[in-house]
Amino acid sequence: MDTERELDLFAGVAVTDLGRAVGWYDRLFGEVETSEPNDVERVWTVAERRHVYVIVAPEHAGHALVTLYVGNLPAMVDAAARRGIHAETEEDYGNGVHKMIYRDPDGNEIGLGGVLAAE
């Protein structure tokens with residue numbers, strides 16, 4: 001990959017029910033910019049030029065594996081928990097790096113990774 005090139009990211013997640021997915025991802029991501037490009041998709045801008053989107057595609061739902069590394073993992077985990085979204089499991093990679101694993105209503109894995117606490 002050319003490191004001089006600008007980088008945009010669109011990570012797609014197939015779901016069975018748009019309304020149910022939108023509610024869940026809104027609670028996971030909190031107050032971020034969203035857009036509705038059409039009647040089967042919703043896009044969340046999780047960082048500048050980096051987006052996660054859901055699309056109604058029942059035949060593919062439940063198979064996504066997406067991990068976002070965040071600068072303040074404890075704050076994001078706490079904020080999601082206050083909105084009713086809780087990690088299903090946690091992985092510890094050593095050196096203080098953790099991955100909190102969430103599952104959306106279709107079973108898609110959405111991971112939040114970063115430093116959980118000073119070790």
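What comes next is a walk through the structure. Computed from a predicted model, the values in this text were never measured in an experiment. (Residues numbered from 1 in each chain as written. Predicted model: local features only at pLDDT ≥ 70, side-chain atom pairs only at ≥ 80, totals over all residues. Heavy atoms only, no water.)

A few words on the sheet that holds strand 8 (residues 109-115). If you walk across this open sheet you meet the four strands as 5-8-7-6, and the pairing is mixed. Among the strands making up the open sheet, the edge pair consists of strand 5 (65-69) and strand 6 (89-94). Going across the sheet, the axis of each strand differs from the next one's by a mean of 20°, ignoring polarity. Relative to strand 8, strand 5 runs parallel, the two sharing five bridges. From the neighbouring strand, leucine 65 faces strand 8, where its bridge partner is glutamate 109. Sitting on the sheet, helix 1 (residues 18-29) touches strand 5, strand 7 (97-103) and strand 8, and the angle it makes with strand 8 is about 0°. Relative to the sheet, helix 2 (residues 73-82) contacts strand 7 and strand 8, its axis offset from that of strand 8 by approximately 140°. (Pairing = 2+ DSSP bridges. Helix = DSSP H or I, 4+ residues; strand = E, 2+ residues; numbered from the N terminus. Axes fitted to C-alpha atoms, helices over the stretch in contact; angles between N-to-C directions. Contact = heavy atoms within 4.5 Å.)

Another aspect to go through is the environment of alanine 81. Structurally, the position occupied by alanine 81 is in helix 2. Using a relative accessible area of 29% as the deciding quantity, one classes alanine 81 as partly exposed. Residues alanine 81 and alanine 11 lie 70 residues apart in sequence; the distance between their C-alpha atoms is 23 Å. (Buried < 20%, exposed > 50% of the residue type's maximum accessible area, 1.4 Å probe, protein only.)

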